[in-house]
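Descriptive analysis of the structure
Below, each chain spelled out in residue letters.
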Amino acid sequence: PLSQHLIPCLINVFIAVEKAIMSYYDLSYRYKYELRLPVMELFELTLQNDGHRKVLNNFVRGFGSDRFLKLLTQLINDSNSQTEEAIRTVKEFHQNKAEQ
C-alpha cells in the first residue's frame, strides 16, 4: 500500500530540499526552511499513527538508515544555523540600542 512509501518519501523530500537550494543559485537560502516546514508538519501528523511509526522503524533499521542519518544531520545543522541567526539578531539589536 501507499502508506508504506509515505515516510521514505518525506525523508527524501526533506533531503532533496538541501540539494535544490545548493543547485539553483537563484533560490534564496531562506526558502529551505519554508520548503521543509510542510514536510515536518506531515511527519508530525503521520507519526501519530502506529503503522507509520513501524514503517519509519523498519526504514531506519533497513535500507534507509543512511538517508535517515542524513535527515538528522540536516535537522541539527538547521537548528544550529537558526540559533546562530537568533544570536546575531540579538547582538545587532543590542548594538543598535546602545548606539541610540
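Above: the structure in question.
One structure accompanies this document, and this report is about it. Along each chain, numbering runs from 1 in the same order as the chain's sequence is written. Note on the predicted model: pLDDT of at least 70 is required for a residue's local features to be given, and 80 or more for side-chain atom pairs to be given and counted; whole-chain, interface and lining totals, by contrast, use all residues. As a rule here, side-chain values come from all non-hydrogen atoms in the structure, and water together with hydrogens is ignored.

Before going further, it helps to examine the side chain of Asp78. Here Asp78 lies in helix H4 (residues 65-99). Throughout this description, a polar contact denotes any pair of N or O atoms lying within 3.5 Å of each other; where both atoms belong to protein, one of them has to be capable of donating a hydrogen while the other can accept it, and for residues adjacent in sequence the pair is counted only when both atoms sit in side chains. A polar atom in the side chain of Asp78 sits 2.4 Å from the side chain of Arg36. Here a residue-residue contact requires only that any non-hydrogen atoms of the pair lie within 4.5 Å. Asp78 has contacts with Phe14, Lys32, Tyr33 and Arg36, leaving out every residue within four places of it along the chain. Comment: elements are numbered from the N terminus, with helices defined as DSSP H or I runs of at least four residues and strands as E runs of at least two.

Our next topic: the nonpolar core. Counting 12 residues, the largest nonpolar core is built from Ile7, Leu10, Ile11, Phe14, Ile15, Val39, Phe43, Val55, Leu56, Phe59, Phe68 and Leu71. Mapped by element, the contributors of at least two residues to this core are helix H1 (3-23), helix H2 (31-46), helix H3 (50-61) and H4. The element contributing the most residues to this core is H1, with 5 residues. Apart from residues no more than four positions distant in its own chain, Phe43 is found in contact with Ile7, Leu10, Ile11 and Leu71. The term nonpolar core refers to a set of buried residues drawn from Ala, Val, Leu, Ile, Met, Phe, Trp, Tyr and Cys, joined through side-chain atoms within 4.5 Å. Buried residues are those whose accessible area, probed at 1.4 Å on protein chains only, stays under 20% of the maximum for their type, while exposed residues exceed 50% and partly exposed ones sit between those limits.

With that out of the way, let us pick up H3. The terminal C-alpha atoms of H3, which comprises 12 residues, lie 16 Å apart, in line with the 16 Å expected from a rise of 1.5 Å per residue. Of the positions making up H3, those classed as buried are His52, Val55, Leu56 and Phe59. Each buried residue of H3 sits inside an arc of 100° when the element is viewed along its axis, so together they form one side. Pointing more than 90 degrees away from the buried face of H3 are the exposed residues Lys54, Asn58 and Arg61. Any helix carries an expected span of 1.5 Å times its number of residues minus one. Arc definition: directions from the helix axis to the C-beta atoms.

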